Amino acid sequence: MNSRKLLSETRRTFPATEVHCQQPSRILVVDVTSPSWTNTCSVLSEALENTLCLACSLTGPCRVPLLSLYVVQNQQECLLPFTQVKENFARIQACISELRSLPREGCFPQRGNGVVQAVQDGLQQFKQYSRHTAAGGSTNSSVEITILTSQSSKEMVKQLEKKLKDVDVVSLRRIQVIEVLKRDFLEPEDVEQCMPAEEPSSNDVAILGMDIDVHTVKDNVISLEMLFKTWLQDYGTESEHLHLLLPSGGFSHAAAPRTTLMCLKCDLQERLLDPALLSGTADGTVRAADLNSPCQMAAWPATALYKLRVVKALKSEGVCESVLYGLPFIIKPTSCWQLDWDELEINQHSFHALCHSLLKRKWMLLAKREPSPNWNIMVHSYYIIVPSDSATLLLKAVASRELLLPSTFPALLAEHPERVHGPIESALNSLEVEVAYNPLHLKSNLYKHLKSVLYKPLHRPRDQRPERHQPKQVCLLPLTSLASLCSALLVWCPQRGGGQLPDTLAVQGRQHTAGATFACSWRSRGMGIA
């Protein structure tokens with residue numbers, strides 16, 4: 001690391017973390033030197049605000065425990081020091097409003113080292129935060145950095161490789177370099193094609209055991225929102241989530257005992273957020289899934305290892321969807337780093353072979369969940385495993401006898417009067433026909449509702465921040481904490497300077513309030529808070 005003192009090397013205060021969370025802390029670095037920042041600013045702010053309102057509303061462990069935000073102009077600026085996301089949506093909204101108010105295109109020349117300096121400062125800030133929380137008995141051991149830029153991602157990676165080679169990156173799980181592509185128009189059905197890849201690609205590089213992932217994303221709200229929503233998913237690779245147990249007869253030597261089971265080690269991934277876990281969307285009875293319940297599985301948080309034993313194969317056309325319930329999960333071959341490389345490879349090939357064989361036979365699998373030692377009475381839950389034309393399986397809970405209610409299904413009449421047939425046909429003919437359902441075409445105003453529930457105005461004094469004329473290297477602090485300091489300095493400066501403020505006096509101050517830092521600049525014609 002360079003010998004000069006970085007902004008974050010001065011002592012800071014940080015919020016305390018109440019519980020340990022497996023999710024990493026997040027540092028977002030936004031390069032605003034782009035010629036197209038005018039358009040990117042609005043779509044980025046909306047996408048970030050939408051995602052964080054979800055993170056603040058979801059019950060259970062916070063999926064984005066801590067967030068810090070930097071912008072890079074002619075130098076880096078910390079808009080948001082590390083802040084707990086939950087219970088702080090008002091502060092996050094104020095930060096995003098600050099992001100929206102930044103000067104638009106043509107204001108800042110492109111300089112490559114600003115992003116690298118922001119990364120170095122963020123790492124130093126996290127290092128100090130980790131020391132602070134460790135002293136209080138809490139741990140938050142890893143951080144991920146996402147860099148949004150319109151510069152060449154290859155050039156950005158070269159700069160990061162050069163500058164970070166002597167930096168302590170033990171706590172750094174990953175750096176994502178996201179190159180924002182300018183596009184005038186994007187059809188919603190094209191969005192998933194430009195989402196960042198979840199698995200390492202050929203563009204990934206490694207620095208001292210730390211990954212740098214390089215992706216591109218289109219310059220629109222939906223694409224950026226999908227990028228930020230990856231923060232809500234668990235991509236931890238410390239352990240596998242699911243063991244899928246199959247009879248050995250079809251996968252190993254014929255002489256093997258029939259009681260021997262083949263184990264495919266898999267990861268579970270959510271396909272949807274559970275609306276019942278969003279505060280403000282239910283009647284107050286919302287609670288997180290009980291991981292000890294025999295009738296519930298959860299991909300979040302990934303703290304339990306589930307075991308599903310395949311008991312039967314089912315014809316695809318023989319499964320009635322009315323007996324399927326609950327949210328679906330995506331099953332993938334595990335990427336757990338603790339497994340031997342050869343074992344990972346064999347496991348992945350076996351998983352792909354299973355997907356291919358199920359598609360070819362047009363089968364689904366019926367699986368029974370293995371009981372937990374915490375259950376007093378052994379209760380079995382059952383699941384249907386559905387193949388697809390991708391290297392994934394779909395997992396859905398299926399009803400057992402105890403859950404099924406009586407129902408009658410009257411036979412469909414073979415004939416019906418023409419006087420009712422004609423109007424029905426006419427109504428159907430007037431509908432627009434879609435080849436496939438795309439949820440990106442539908443909006444429910446959920447974001448607006450959640451923001452209204454979370455909205456808590458920040459109490460600020462009447463003398464709001466003046467207009468930004470020239471960016472400075474600062475960290476924002478709620479203005480309510482500056483009054484006493486400014487008063488003291490106004491008394492001190494005249495005493496030391498012969499009764500008047502010096503022509504130019506730059507001071508960088510730090511204090512233990514609200515977990516933030518700040519910098520002030522005083523001049524003889526007035527005082528501006530940067």
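Procedures and definitions
Residues numbered from 1 in each chain as written. Predicted model: local features only at pLDDT ≥ 70, side-chain atom pairs only at ≥ 80, totals over all residues. Heavy atoms only, no water. Helix = DSSP H or I, 4+ residues; strand = E, 2+ residues; numbered from the N terminus. Buried < 20%, exposed > 50% of the residue type's maximum accessible area, 1.4 Å probe, protein only. Contact = heavy atoms within 4.5 Å. Areas by Shrake-Rupley, 256 points an atom, 1.4 Å probe, with all protein chains shown as cover. Expected span 1.5 Å × (residues − 1). Arc of directions from axis to C-beta. Patch = residues over 30% accessible without salt bridge, like charges linked within 9 Å, V, L, I, M, F, W, Y side chains within 5 Å. Salt bridge = Lys/Arg side-chain N within 4 Å of Asp/Glu carboxyl O. Axes fitted to C-alpha atoms, helices over the stretch in contact; angles between N-to-C directions. Parallel < 35°, antiparallel > 145°, perpendicular 65-115°, else oblique. Left-handed = near helix turned anticlockwise from the far one by under 90°. Pairing = 2+ DSSP bridges. Polar contact = N/O pair within 3.5 Å; in protein donor to acceptor, adjacent residues only side chain to side chain. Phe/Tyr/Trp six-rings, centres within 6.5 Å; stacked < 30°, edge-to-face > 60°. Lys NZ or Arg CZ within 6 Å of the ring centre and 35° of its normal. Core = buried A, V, L, I, M, F, W, Y, C linked by side-chain atoms within 4.5 Å. pLDDT = per-residue confidence, 0-100.

1. Overview of the overall build of the protein
Along the backbone of the protein there are nine helices and 17 strands. Residues counted as buried form 44% of the 530 residues belonging to the protein. In the protein, the proportion of contacts linking residues at least 24 apart, taken out of those at least 6 apart, comes to 77%. Accessible surface computed for the protein: about 29200 Å², of which carbon and sulfur atoms make up 54%.

2. Structural notes on helix H6 (residues 341-361)
With 21 residues, H6 should reach 30 Å at 1.5 Å per residue; the first-to-last C-alpha distance of 31 Å fits that figure. Among the residues of H6, those classed as buried are Leu344, Asn347, Ser350, Phe351, Leu354, Cys355 and Leu358. Relative to the axis of H6, the buried residues are bounded by an arc of 140° and lie together on one face. In this structure, H6 carries Trp341, Ile346, His349, His356 and Lys360 as exposed residues pointing more than 90 degrees from its buried face. Residues of H6 that are buried make contact with strand E8 (242-247), strand E9 (261-270), strand E11 (324-333), strand E12 (363-369), strand E13 (382-387) and strand E14 (393-398).

3. Let's talk about a nonpolar patch on the surface
A cluster of nonpolar side chains, namely Ile424, Leu428 and Leu431, defines an oily patch on the protein surface of about 310 Å² accessible area. On the secondary structure map, Leu428 appears in helix H7 (residues 418-429).

4. With respect to the packing of helix H1 (residues 37-57) against helix H8 (residues 446-454)
Running from amino to carboxyl end, H1 crosses H8 at an angle of 60°, the nearest separation of the two axes being 10 Å. Between H1 and H8, the angle is such that the two are oblique. Here H1 runs over H8; the crossing is left-handed. Contacts between H1 and H8 involve Glu49, Asn50, Cys53, Leu54, Cys56 and Ser57 on the former and, on the latter, Tyr447, Leu450, Lys451 and Leu454.

5. Notes on the sheet that holds E13
Whether parallel or antiparallel, the strands of a sheet pair through hydrogen bonds between backbone atoms. Taken together, seven strands build a closed barrel; the order of strands is E8-E9-E11-E14-E13-E12-E10 and the barrel is mixed. Taking the axes of each pair of neighbouring strands and ignoring which way they run, one obtains an average angle of 40° across the sheet. Pairing geometry for E12 and E13, over four bridges, is antiparallel. Looking across to E13, one finds that Ala367 is bridged to Tyr383.

6. A short note on helix H4 (residues 153-164)
With 12 residues, H4 extends 16 Å from end C-alpha to end C-alpha; this agrees with the ideal 16 Å at 1.5 Å per step. Within H4, burial applies to Ser153, Met156, Val157, Leu160 and Leu164. All buried residues of H4 lie within an arc of 100° about the axis, which places them on one face of the element. Exposed residues pointing more than 90 degrees away from the buried face of H4 are listed as Lys154, Lys158 and Lys162.

7. Things to note about the side chain of Thr83
For Thr83, the location among the structural elements is in strand E3 (residues 76-84). What makes Thr83 buried here is its relative accessible area of 3%. Among the polar contacts made by the side chain of Thr83, one reaches the main-chain carbonyl oxygen of Pro81 at a distance of 2.8 Å.

8. What about the pattern of salt bridges?
For the coordinates displayed, the defined rule picks out 11 salt bridges. The partner of Arg100 in a salt bridge is Glu49, and the shortest N-O contact between them spans 3.3 Å. One end of the pair, Arg100, is in helix H2 (residues 89-100); the other, Glu49, is in helix H1, and 51 residues separate them in sequence. For Arg100, a relative accessible area of 30% gives the class partly exposed. Of the residues examined, Glu49 reaches a relative accessible area of 10% and is grouped as buried. We note a salt bridge from Arg309 to Glu370, for which the minimum N-O separation is 3.3 Å. With Arg309 in strand E10 (residues 306-315) and Glu370 in the loop between E12 and E13, this residue pair connects regions lying 61 residues apart in the sequence. Note on Arg309: relative accessible area 29%, which makes it partly exposed. A single salt-bridge network, built from bridges that share partners, covers Arg26, Glu144, Arg173, Arg174 and Asp213.

9. Regarding the packing of aromatic side chains
Taken as a whole, this structure holds four aromatic pairs when the rule is applied. Seen from their ring centres, Phe82 and Tyr129 are 5.8 Å apart, and the 35° between their planes marks the pair as tilted. Separated by 47 residues along the polypeptide, Phe82 in strand E3 and Tyr129 in helix H3 (residues 113-135) bring together distant segments of the chain. Considered together, Phe82 and Tyr129 belong to a single accessibility category, that of buried residues. Taken together, the ring pairs connect Phe82, Phe126 and Tyr129 into an aromatic cluster. Positioned over the ring face of Trp363 is Arg361, at 4.7 Å from the centre of the ring.

10. A look at the nonpolar core
The biggest cluster of nonpolar side chains holds 43 residues, and the ones touching the most others in it are Val85, Leu148, Leu224 and Phe228. Looking at this core, the elements with two or more residues in it are strand E1 (25-31), H1, strand E2 (66-72), E3, H2, strand E5 (172-181), helix H5 (221-229) and H8. Looking at which element gives the most residues to this core, the answer is H1, with 11 residues. Those residues in contact with Val85, other than ones at most four positions away along the chain, are Leu52, Ala55, Cys56, Cys62, Val64, Pro65, Leu66, Leu67 and Ile92. Among the nonpolar cores identified, the runner-up in size contains 28 residues, and Ile27, Cys78, Phe82 and Ile175 belong to it.

11. A word on the pairing of E10
Taken together, the four bridges between E8 and E10 define a ladder with parallel strand orientation. Bridge assignment links Leu242 to a residue of E10, and that residue is Tyr306. When E10 meets E12, the two strands line up antiparallel, connected through seven bridges. Within E12, the position partnered with Lys312 by the bridge is Leu366.

12. A short note on the environment of Leu454
The topology assignment puts Leu454 in helix H8. Distance in space between the C-alpha atoms of Leu454 and Glu87 is 8.4 Å, their sequence separation being 367 residues.

13. Considerations on the confidence of the model for the protein
Looking at the protein as a whole, its pLDDT mean stands at 76, while 67% of the residues score no less than 70. Note on residues 1-20: pLDDT is under 50 here. Beyond four places in sequence and across chains, it has 60 contacts. Long-range and interchain partners of residues 185-202, a stretch whose pLDDT sits below 50, account for 27 contacts in this model, where long-range means more than four residues apart.

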